[in-house]
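# Examining the three-dimensional arrangement
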Amino acid sequence: MGAVKTKRMPRAVREQQMLDAAVEIFGRRGYMAASMDEIAELAGVSKPLVYLYLNSKEDLFTACIRREAKALVDAVRSGVRTDLPADRQLWDGLLAFFAHTVRHPHAWSVLHLQARTHGERFAAEVAAMRAEIVVFVTHLIAVAAREAHRAPDLPEQEVGGLAEALVGAAESLAAWANATEGGTPRQAAATLMNFAWAGLGNLMAGRPWSPPEA
């Protein structure tokens, strides 16, 4: 019966099944320890079929990174309504980010840990995803600053730096939340809002913190 199912299943569906299995194995065992035999067994297919569809372990891992990166970016973008106030946009974006990483822990391990430590090719894929999220957050902060009325336009470099800092904090907090028992996406998002928005809110209102004079 299994052989019949394999023949009748569309290639695109079978390939996604293989990627699902690969993400789980890579996420649990790490890129180096993961084997194509394990991935094929979990996917319910033969190892030669995995190679036929996805060429090599490196190509399979790259395909996993690209699919999961797109899913994460799409989740953050679709979670934000740009007609809402700036703090609500940030909250919704963070909540979407943390909810996605909690629901897909193996995918987050692939993106945040495995891809960054096993070669420039993989790291570049994750860097492209991160850059897309930073651009999105940069736009949100810039729009919020323009709409604050009391705040002048923030310098482009400062907006970019704020976005980088916020994305970096979200990545670190997601790793912590996934490793901490009992943590929820809502708690993680609230933690980062309490940490970041007090500063951003004052900045938007024209009350930036200034370092003491030398």
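Scroll up for the structure.
Now for a look at the structure at hand.

Cut-offs and rules
Residues numbered from 1 in each chain as written. Predicted model: local features only at pLDDT ≥ 70, side-chain atom pairs only at ≥ 80, totals over all residues. Heavy atoms only, no water. Phe/Tyr/Trp six-rings, centres within 6.5 Å; stacked < 30°, edge-to-face > 60°. Helix = DSSP H or I, 4+ residues; strand = E, 2+ residues; numbered from the N terminus. Buried < 20%, exposed > 50% of the residue type's maximum accessible area, 1.4 Å probe, protein only. Lys NZ or Arg CZ within 6 Å of the ring centre and 35° of its normal. Arc of directions from axis to C-beta. Salt bridge = Lys/Arg side-chain N within 4 Å of Asp/Glu carboxyl O.

### Points about the packing of aromatic side chains
- Evaluated as defined, the whole model comprises 7 aromatic pairs.
- Where F97 meets F98, the ring centres are 5.3 Å apart and the plane angle is 75°; that geometry is what we call edge-to-face.
- When the centroid spacing of 5.6 Å and the interplanar angle of 85° are considered together, the rings of F97 and W108 count as edge-to-face. Here the residue F97 occupies a position in helix 6 (residues 86-103), and W108 occupies one in helix 7 (residues 105-117), the gap between them amounting to 11 residues. Of the two residues examined, F97 and W108, each falls in the buried class.
- Taken together, the ring pairs in this structure connect F26, Y31, F61 and F122 into an aromatic cluster.
- If you follow R11 out to its NZ or CZ, it ends over the ring of Y53, 4.1 Å from the centre.
- The lysine or arginine in question, K57, covers the ring of Y31, its NZ or CZ lying 4.8 Å from the ring centre.

### Here's the deal with helix 4 (residues 47-54)
- Burial in helix 4 covers these residues: L49, V50, Y53 and L54. Angularly, the buried residues of helix 4 cover 105° about the axis, an arc narrow enough to put them on a single face. Opposite the buried face of helix 4, by more than 90 degrees, sit the exposed residues P48 and L52.

### Let's talk about the environment of S210
- Within the fold, S210 resides in the segment after helix 10 (185-204).
- Take S210: its relative accessible area is 52%, and that puts it in the exposed class.
- Placed 115 residues apart in sequence, S210 and L95 show a C-alpha to C-alpha distance of 30 Å.

### Let's talk about the pattern of salt bridges
- Tallying each qualifying case throughout the model produces 14 salt bridges.
- A salt bridge links R28 to E24; the shortest N-O distance between them is 3.5 Å. Taken together, the residues span about one helical turn, with R28 and E24 both in helix 2 (residues 11-29) at a distance of 4 residues.
- For R28, a relative accessible area of 48% corresponds to the partly exposed category.
- Judged by its relative accessible area of 29%, E24 falls in the partly exposed class.
- Of the charged contacts in the structure, one is a salt bridge between E38 and R29, with a shortest N-O distance of 3.0 Å.
- For E38, a relative accessible area of 25% puts it in the partly exposed group.
- Each of R116, R130, E164 and E171 takes part in one network of salt bridges that share partners.

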